[in-house]
Amino acid sequence: MLYFVFTTGQCNLSCKYCGGSFQPEVVPWEIQYSLEDLISFISKDKDAIIAFYGGEPLLNADFIMKVMDSVPAKKFVIQTNGLLVKRLKREYWLRMDAVLLSIDGPRDVTDYNRGKGVYNAVISAAKYLKEIGYRGDLIARMTITELSDIYRDVMHLLDIGLFNHVHWQLNVVWCPKWNFMRWACSSYLPGIRRLVKAWVDGLLQGEVLGIVPFLGIAKRYMYGGPIPPCGAGEEAFAILPNGNIIACPIAVDVKWAYLGHITTHNPFELPGKVSISEDCRSCPYYSICGGRCLYANKERYWGEEGFKEVCFVTKSTIDMVLQGIKKVENAVGKKILLKIFNYPEYNNTTEIIP
Ligand code: SF4
Ligand code: SF4
């Protein structure tokens, strides 16, 4: 299973859609449990994947190194803004199976959302990782807002040639309501159509563009996958700096997400305690969409109408990707596709459905 290990609730940035550090009363800025407690909890799971998370996880790089030295996980992942890349020693970077760097697209979009100079800092971090010999999965992790042009921004990050994969999440439902549908119909969905075309054209020429939501939808179409697709509450859990275990790393202050504590619970007691609601289970897109996001499904900050708007965009995206896959399937046959569409091979924290 996947464990998001918060190394701190503190962040060194204050991005527009997130607001920076957590209140320390909600997500403490220091680790309040002992390393032995974490070892004892995680070592019960022989297939553990640890994803370092925050706040900004590199603010507590010492803790990351201690965990990597002592906790027997099968894989290590980190989600970081990359500004403090040099705080973690080279040998630890080289042991990361996946590194997700937060960047929203070209300089103006990234810097508007995340702060002046952040784009350059993230690109420098990606270059630095390559220079020190990092050959794992380097993933650009985008937050998509009204300012984004999905085709332009994803292609920009792919064209840079530093990232193996590009993933994104829509800035919806956990933020105040914005004019999402107007933007989705005039910009996002037409952009997705262009992006699917570029992806399909690539596949037909034997090139796999590393567009994570498309690859993830393709994998779910071929093999199925967890529900929700991110695995929250089923195969993915978050450990807060105070040792509390929650179903989703965003759900830090809601009762339904609380599942226990690392000193009193074991990993196999956690799955299945919170799940996607009934209305999704009867949806024809359920096997691929998987309810999209447990947090949005539970909280529904945008009300039923807002929830349906996001569903419309999700369904349209899935339709376009599946049409593209069928075109490729007709050209090359299912056997080849089964081999190509196996990404992500493990839960690397990319949530699949944007
Ligand atoms: S499209 Fe909407 S209703 Fe259907 S499974 Fe996804 S989130 Fe649920
Ligand atoms: S997709 Fe939703 S439920 Fe899953 S980890 Fe992200 S916020 Fe949590």
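The paragraphs below set out a description of the structure included in this document. Everything quoted here is computed from the prediction, not taken from an experiment.

**Points about the packing of aromatic side chains**
Summed over all chains, the structure comprises 16 aromatic pairs. Note on Trp 256 and Tyr 295: the rings are 6.2 Å apart at their centroids and 45° apart in plane angle, and the pair reads as tilted. Of this pair, Trp 256 sits in the loop between strand S8 (244-246) and strand S9 (258-261) while Tyr 295 sits in helix H11 (residues 294-299); the two residues are 39 residues apart in sequence, bridging distant segments of the chain. Looking at Tyr 295, the relative accessible area reads 6%, which means it is buried.

**Some details on the site of ligand 1**
In the vicinity of ligand 1, the residues found are Cys 280, Cys 283, Tyr 286, Cys 289, Gly 291, Phe 307, Cys 311 and Lys 315. If you list the elements that add at least two residues to the shell around ligand 1, you get helix H10 (286-289) and helix H12 (303-332). Among the elements that line the shell around ligand 1, the one with the most residues is H12, at three residues. By residue class, the composition of the shell around ligand 1 is six nonpolar, one polar and one charged.

**Focus on the environment of Ile 217**
Tracing the chain through its elements places Ile 217 in helix H8 (residues 212-223). Measuring from C-alpha to C-alpha, the distance between Ile 217 and Val 118 comes to 30 Å, with 99 residues separating the pair along the chain. When residues no more than four places from it in sequence are discounted, the contact partners of Ile 217 are Ile 288, Thr 317, Ile 318, Val 321, Leu 322, Ile 352 and Ile 353.

**Comments concerning the packing of helix H1 (residues 35-42) against helix H2 (residues 61-70)**
Contact pair H1 / H2: the axes reach a minimum separation of 11 Å and the direction vectors enclose 45°. On the basis of the axis angle, H1 is oblique to H2. Considering only the axes of H1 and H2, their crossing is right-handed. Across the interface between the two elements, Leu 35, Leu 38 and Ile 39 from H1 touch Phe 63, Lys 66, Val 67 and Ser 70 from H2.

**Details of unusual backbone geometry**
Residue Gly 55 is bonded to the preceding Gly 54 through a cis peptide linkage, with omega at 25°. Within the element layout of this structure, Gly 55 appears in the loop between strand S2 (49-53) and H2. Here the bond from Tyr 343 into Pro 344 is cis, since omega is -5°, no more than 30 degrees from zero. Although it is not a glycine, Arg 292 sits at a positive phi angle of roughly 65°. Within the fold, Arg 292 resides in the loop between H10 and H11. A residue is classified by how much of its surface remains accessible, and Arg 292, at 7% relative accessible area, is buried. Positive phi, close to 45°, is recorded for Arg 300, a residue that is not glycine.

**Digging into the sheet that holds strand S1 (residues 2-6)**
Reading across the sheet, the nine strands line up as S6-S5-S4-S3-S2-S1-S7-S8-S9 and stay open at both edges, with mixed pairing between neighbours. Lying at the two open borders of the sheet, with one neighbouring strand each, are strand S6 (165-170) and S9. Along the sheet, successive strands turn relative to each other by an average axial angle of 25°, direction set aside. Sheet topology places strand S3 (residues 75-80) next to strand S4 (residues 98-102); four bridges connect them, and they run parallel. Bridge assignment links Gln 79 to a residue of S4, and that residue is Leu 100. Contacting S1, S2 and S3, H2 crosses the sheet at an angle of about 175° to S2.

**Quick notes on the site of ligand 2**
Contacts to ligand 2 come from Trp 174, Cys 230, Ala 232, Cys 248, Pro 249, Ile 250, Cys 293, Leu 294, Tyr 295 and Glu 351. Of the residues that constitute the shell around ligand 2, the class distribution is nine nonpolar, no polar and one charged.

Cut-offs used in this document
- Residues numbered from 1 in each chain as written.
- Chains lettered and ligands numbered in written order.
- Predicted model: local features only at pLDDT ≥ 70, side-chain atom pairs only at ≥ 80, totals over all residues.
- Heavy atoms only, no water.
- Phe/Tyr/Trp six-rings, centres within 6.5 Å; stacked < 30°, edge-to-face > 60°.
- Helix = DSSP H or I, 4+ residues; strand = E, 2+ residues; numbered from the N terminus.
- Buried < 20%, exposed > 50% of the residue type's maximum accessible area, 1.4 Å probe, protein only.
- Near = heavy atom within 4 Å.
- Nonpolar A, V, L, I, M, F, W, Y, C, P; charged D, E, K, R; others polar.
- Contact = heavy atoms within 4.5 Å.
- Axes fitted to C-alpha atoms, helices over the stretch in contact; angles between N-to-C directions.
- Parallel < 35°, antiparallel > 145°, perpendicular 65-115°, else oblique.
- Left-handed = near helix turned anticlockwise from the far one by under 90°.
- Pairing = 2+ DSSP bridges.

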